[in-house]
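Descriptive structure summary
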Amino acid sequence: MNIRSSTVKQKRRIATFISRAIVAVLGALTLAVLFQSYQISSRLISQEVARSATQTASLIQNLFNYRLATLQIHQDSSAKNSSFIDALSSDSGAALDQYFLSVDQLELSNTPDIRFITDLKELVWEDGNAQFYGIQSREMNKIIRRVSVSNNWHLVQTPSLLGMTYLLVRRSPVVNSTTGEVIGFLFVSIVLNNNFALIETIRDSSNSQNLILAVGSEVLASTLNGDESYSAFDVIEDGLSEGLYDKNMVSKAVLDVEGVPTYLEVYSVQSNQNALSLRDNYYFWMIFALVAMIAVSMLIRWWLQRRIESEIEGLMTYTHNVAERGLDGFFPGSKIYEFDHFGRTLEHTFQRLSQQEKQFEDLFTFALSPTILWTSDGEMIRMNPAAESHFRPKDANQLSLFNVLKAQLVPQIKLAARGEILNEVNTEVDGRVFLWNLSPIIVENRVESIITQGQDVTTIAEAEKQSRIARNEAEETARVRADFLAKMSHELRTPLNGILGVSQLLKRTVKSKEQAEQVNVLCSSGEHLLAVLNDILDFSKIEQGKFRIQKVDFRLVDVVSAIERIYGPLCREKQLELQLESNIDEDIFINGDQVRLNQVLFNLLNNAVKFTHDGSISVQLELNQDVSPTKLKIVVLDTGIGIRDQDLAAIFEPFVQAESTNTREYGGSGLGLTIVHSLIEMLGGSIEVSSQFGVGTRFDIELPVEIVANEVREADTQVGKSRYDLFDDTVQVLMVEDNHTNAFIAKAFCNKYGMNVEWVTDGLKAIERVKQQHYDMILMDNQLPYLDGVDATRIIKHEMGLPIPVYACTADGMLETQEAFMQAGAEYVIVKPIKEDTLHQALVNFQLNRSGYNAPVKKNYS
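Residues numbered from 1 in each chain as written. Predicted model: local features only at pLDDT ≥ 70, side-chain atom pairs only at ≥ 80, totals over all residues. Heavy atoms only, no water.

**Some thoughts on the overall build of the protein chain**
From N to C terminus, the protein chain includes 23 helices and 27 strands. The proportion of buried residues among the 862 residues of the protein chain is 40%. At a minimum sequence separation of 6, the contacts of the protein chain that also span at least 24 residues come to 62%. (Helix = DSSP H or I, 4+ residues; strand = E, 2+ residues; numbered from the N terminus. Buried < 20%, exposed > 50% of the residue type's maximum accessible area, 1.4 Å probe, protein only. Contact = heavy atoms within 4.5 Å.)

**A word on the nonpolar core**
Membership of the largest hydrophobic core comes to 39 residues, with the highest contact counts inside it found for Leu556, Ile584, Leu597, Leu604, Leu632, Ile634 and Ile701. Those elements giving two or more residues to this core turn out to be helix H14 (557-573), helix H15 (594-611), strand S18 (616-624), strand S19 (630-638), helix H18 (672-682) and strand S21 (696-708). A per-element tally of this core places H15 first, with seven residues. Those residues in contact with Leu556 that lie beyond four places of it in its chain are Ile584, Ile588, Ile590, Leu597, Leu623 and Leu632. Listed in part, the 25 residues of the second largest apolar core include Ile745, Cys809, Tyr828 and Ala842. (Core = buried A, V, L, I, M, F, W, Y, C linked by side-chain atoms within 4.5 Å.)

**Structural notes on the sheet that holds strand S6 (residues 210-215)**
Ordered in space as S7-S6-S9-S8, the four strands form an open sheet in which the pairing is antiparallel. Since the sheet does not close on itself, it has two edges, and those belong to strand S7 (218-222) and strand S8 (248-257), each with one partner. Here the average twist between neighbouring strands, direction ignored, is 30°. Pairing of S8 with strand S9 (residues 260-271), which is carried by nine bridges, proceeds in the antiparallel orientation. Counterpart to Val257 in the pairing with S9 is Val260. (Pairing = 2+ DSSP bridges. Axes fitted to C-alpha atoms, helices over the stretch in contact; angles between N-to-C directions.)

**Some points on unusual backbone geometry**
The linkage connecting Ser628 with the following residue, Pro629, adopts the cis geometry, with an omega of 0°. Mapped onto the secondary structure, Pro629 falls in the loop between S18 and S19. For Glu258, which is not a glycine, the phi torsion comes out positive at approximately 55°. Mapping Glu258 onto the fold places it in the loop between S8 and S9. Residue Glu258 is classed as partly exposed on the basis of its relative accessible area, which comes to 38%. Within the chain, Tyr786 stands out as a residue other than glycine whose phi angle is a positive 70°.

**Description of the packing of H14 against H15**
Relative orientation of the contacting elements H14 and H15 amounts to 25°, with a least axis distance of 11 Å. In this view, H14 runs roughly parallel relative to H15, as classed from their interaxial angle. Here the hand of the crossing between H14 and H15 comes out right-handed. Residues Asp558, Val559, Ala562, Ile563, Ile566, Tyr567 and Cys571 of H14 form the contact with H15, whose own contacting residues are Gln594, Leu597, Asn598, Leu601, Phe602, Leu605, Asn606 and Val609. A class-by-class count of the residues in the contact of H14 with H15 yields 11 nonpolar, three polar and one charged. (Parallel < 35°, antiparallel > 145°, perpendicular 65-115°, else oblique. Left-handed = near helix turned anticlockwise from the far one by under 90°. Nonpolar A, V, L, I, M, F, W, Y, C, P; charged D, E, K, R; others polar.)

**Examining the UniProt feature "modified residue: 4-aspartylphosphate" (unreviewed entry) in the protein chain**
If you check UniProt for "modified residue: 4-aspartylphosphate" (unreviewed entry), the listed places come out as Asp781 in our numbering. Mapped onto the secondary structure, Asp781 falls in strand S24 (residues 777-781). (UniProt positions renumbered as here; feature names shortened; annotations may be inferred.)

**Some remarks on the side chain of Thr452**
Tracing the chain through its elements places Thr452 in strand S14 (residues 446-456). Side-chain polar atoms of Thr452 contact the side chain of Trp374, separated by 2.9 Å. Once you skip the residues sitting within four places of it in the chain, Thr452 turns out to touch Pro370, Thr371, Ile372, Trp374, Ile413, Trp436, Asn437 and Leu438. (Polar contact = N/O pair within 3.5 Å; in protein donor to acceptor, adjacent residues only side chain to side chain.)

**Quick word on helix H5 (residues 137-147)**
Three or more residues of H5 are buried, namely Glu139, Met140, Ile143, Ile144 and Val147. Around the axis of H5, the buried residues are gathered within 150° of arc, so they sit on the same side. Of the residues in H5, the exposed ones pointing more than 90 degrees away from the buried face are Arg138 and Arg145. Elements that come into contact with the buried residues of H5 comprise strand S1 (114-118), strand S2 (123-126), helix H4 (129-132), strand S3 (154-160), strand S4 (163-175) and strand S5 (182-191). (Arc of directions from axis to C-beta.)

**Some thoughts on the packing of helix H2 (residues 82-89) against helix H3 (residues 93-106)**
The geometry of H2 relative to H3 is characterised by a closest axis approach of 8 Å and an angle of 160° between their N-to-C directions. As far as their axial angle goes, H3 and H2 are roughly antiparallel. Viewed along their axes, H2 and H3 form a crossing whose handedness is left-handed. Mapping the contact onto sequence places Ser83, Phe84, Ala87 and Leu88 in H2 and Ala95, Leu96, Tyr99 and Phe100 in H3. Along the lines of polarity and charge, the residues of the contact of H2 with H3 split into seven nonpolar, one polar and no charged.

**Comments concerning the environment of Asp91**
Among the secondary structure elements, Asp91 is positioned in the loop between H2 and H3. For the pair Asp91 and Trp125, spaced 34 residues apart in the sequence, the C-alpha separation amounts to 9.1 Å.

**Notes on the sheet that holds S5**
Spatial strand order, S2-S1-S5-S4-S3: five strands in an open sheet with antiparallel pairing. The strands lining the two open edges of the sheet, one partner per strand, are S2 and S3. Sheet twist, expressed as the mean angle between neighbouring strand axes with direction ignored, is 30°. In this sheet, S5 lies alongside S1 in antiparallel orientation, the contact comprising five bridges.

**A look at the packing of aromatic side chains**
The full count for this structure, using the stated rule, is 13 aromatic pairs. Considering the side-chain rings of Phe727 and Phe846, the 6.0 Å spacing of their centres and the 65° angle between planes classify their relative orientation as edge-to-face. Of the two residues, Phe727 sits in the loop between S21 and strand S22 (732-736) while Phe846 sits in helix H23 (residues 836-849), which places them 119 residues apart along the sequence. Here Phe727 falls in the buried class, since its relative accessible area comes to 9%. Cation over ring: Arg644 sits above Phe693, and NZ or CZ is 3.8 Å from the ring centre. (Phe/Tyr/Trp six-rings, centres within 6.5 Å; stacked < 30°, edge-to-face > 60°. Lys NZ or Arg CZ within 6 Å of the ring centre and 35° of its normal.)

**Concerning the pairing of S6**
Buried residues dominate S6, accounting for six of its six residues. Taking every second residue as pointing to the same face, both faces of S6 are buried, with Asn210, Ile212 and Ala214 on one and Leu211, Leu213 and Val215 on the other. Judged from the six bridges that link them, S6 and S9 form a sheet pairing that is antiparallel. From the neighbouring strand, Leu211 faces S9, where its bridge partner is Ser268. Pairing analysis gives four bridges linking S6 to S7, with the strands arranged antiparallel. When the sheet's bridge partners are listed, Ala214 is paired in S7 with Val219. Linking S6 back to S7 in an antiparallel pair, the connection comprises two residues, with Gly216 at a positive phi of about 65°.

Quick look at the structure:
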């Protein structure tokens, strides 16, 4: 047997490798442990330092806030004091001096540095301290003007005879309790320059050695007495980066004034001795561990070489004999179990080698899959009988099949030989598709040959082709259906806009009871048709996966109010009792989709009112904040006709009502509960229904909600003012509408608000009009001749750059159309048919944002 000589020139004994490997492993483990310990210690120290700095900064901020709050309380108390109000009303400076002298004597520590009073126009009294700090009268007037915007604390910097002075100033109104009239304002101020009392008070309560109050590199006040080893400059310039001589810890706090960050900075200096002691202790033990690791490594190396070198020599002798004599040699055994086992394994390895070679040959020969062995250059070495039968048939007319296969496989084989990963390759030979796996055979980091194993996948390939065709057809069908729904929405909403618009106009003009009833029938029929259309469009969006949840912050109690406001009159009209129970506080705001939550409740209540003839309808809303996430539980219970047990299983199926007679008697599309079920799933909740035929039905809903911070939001109300007196001046409106009926209705609605409306019929005319005349607002239709509404909006807002607010009016209820308008630059989207309340909401939005339309405004959908 020929033995190939080794290419490695320098050789070492295996005992040397093992001992070095063990020493290396021990060293690596020791170093890893030391490094990990160092990382943990460093992280703990850093976290402790950061935590201490954060706590110090928070404590300093709280002490600063406490000082401001104390002054604010005393200021507001003085502003409401009857003696002070009488002294101010009498315009007696001496009385004011006497009042503040008595107040300061009671609590001298809460006396502000500067105190002065103004009436509604000018300064009427001051305590004289402003002159002490070098602040002149004209600068006082500037301070008064800067603080006149609110009753919050204001950080003010003002020039004085002593240099730039930094003040904290707050204004408190003085109100005559009898007349409710504001008769003046009481101002108090804290001078921050050299305010040693303030900075020392904060230092004594914040566990700091020293504090420095600064603005940038300018020191306003500090507790340094000159005996320290550092100066204020050292603390500000070097303290945060390098520490003060590695013995002190410096942290910086940027002060907030009523939650607003300022340019005031407080530097806190604390002792760093504990961290230094911990670091020195760690360095000692790290050096000790390194010395111990070196000693143990040397001892292990010596022991390994002495203990196992002889055993390794015996194993090496055996392997050499096997290489020389072939399979006739036997392993003599070893005292060490692992070496003995290794030697016995080698005995069996050579015996099994010939058996494996024979098994591989049999596997290659008798495999049913065509298998071919190639060189790295793409030349065939051999193929198994299965490949022979597929690509080298005996028929002389088909001898070219292998050449066809080779032409397709060779480029891929050469790529695999260069190291590229090719898991699967498809070939087509004689109308049959084969899937090939390429497996390179690598010897000494070089590709010697490549095995290709094929599988006939003709049937699978044809099935995939048919599947792609079916998928493309389904996608095209969905697109056509979406286009159809968009067009039908526009075509149905356009006449509905005329029906509902004229109905609302007639409702306010008819005189006789009979005509009023007829108009109400017309309105109800139009609203019913609109509800059915909306249900169909919503169901289509849900079915196509285009229905979206849009979360905003809203007051949860508004949902309760809407139920009572809308369904109270409906229940009274049918002589039903509406029972509404809720534990929701008025100041709770949640982040969610208010529109979809209302849609769920309104659909359920519409069904309850529709199918209940006597008795009551109960709505229970319970907000459970004791669980995480917070749950909103809703129960809708009625005493209506109920649902049979066999119909409950299909109650949420589309286009299904409990009984076919219900459709004839009560109407409806049969989509309401389907939409409810889908919306609740999108909101992450659950719904359950239980019913007893002839007794009533109960729906139980549970929704997760996210409570946001309580906010005080003032509603924009106009007490004692008609809804049509919304504008104080005449609003110039350009209406772009190609339908005469829609234009007539929208113009009639706008005329009630005193708006001057000019009407054009297409987008091109609208562009020409805005070039010639200024308009306060544009009402833009969608589908217009020559140039549609979206493109016209984009040209006006982006290409022409005009800041005219565009309020889109579209009969296309698809979300894509609304988003297209918003992306084109529209501020608001109104979906037709236009109702008077819907238009009023849009006009209120316009009035609220009117002054800011030269800047970007928040987008809204309606």
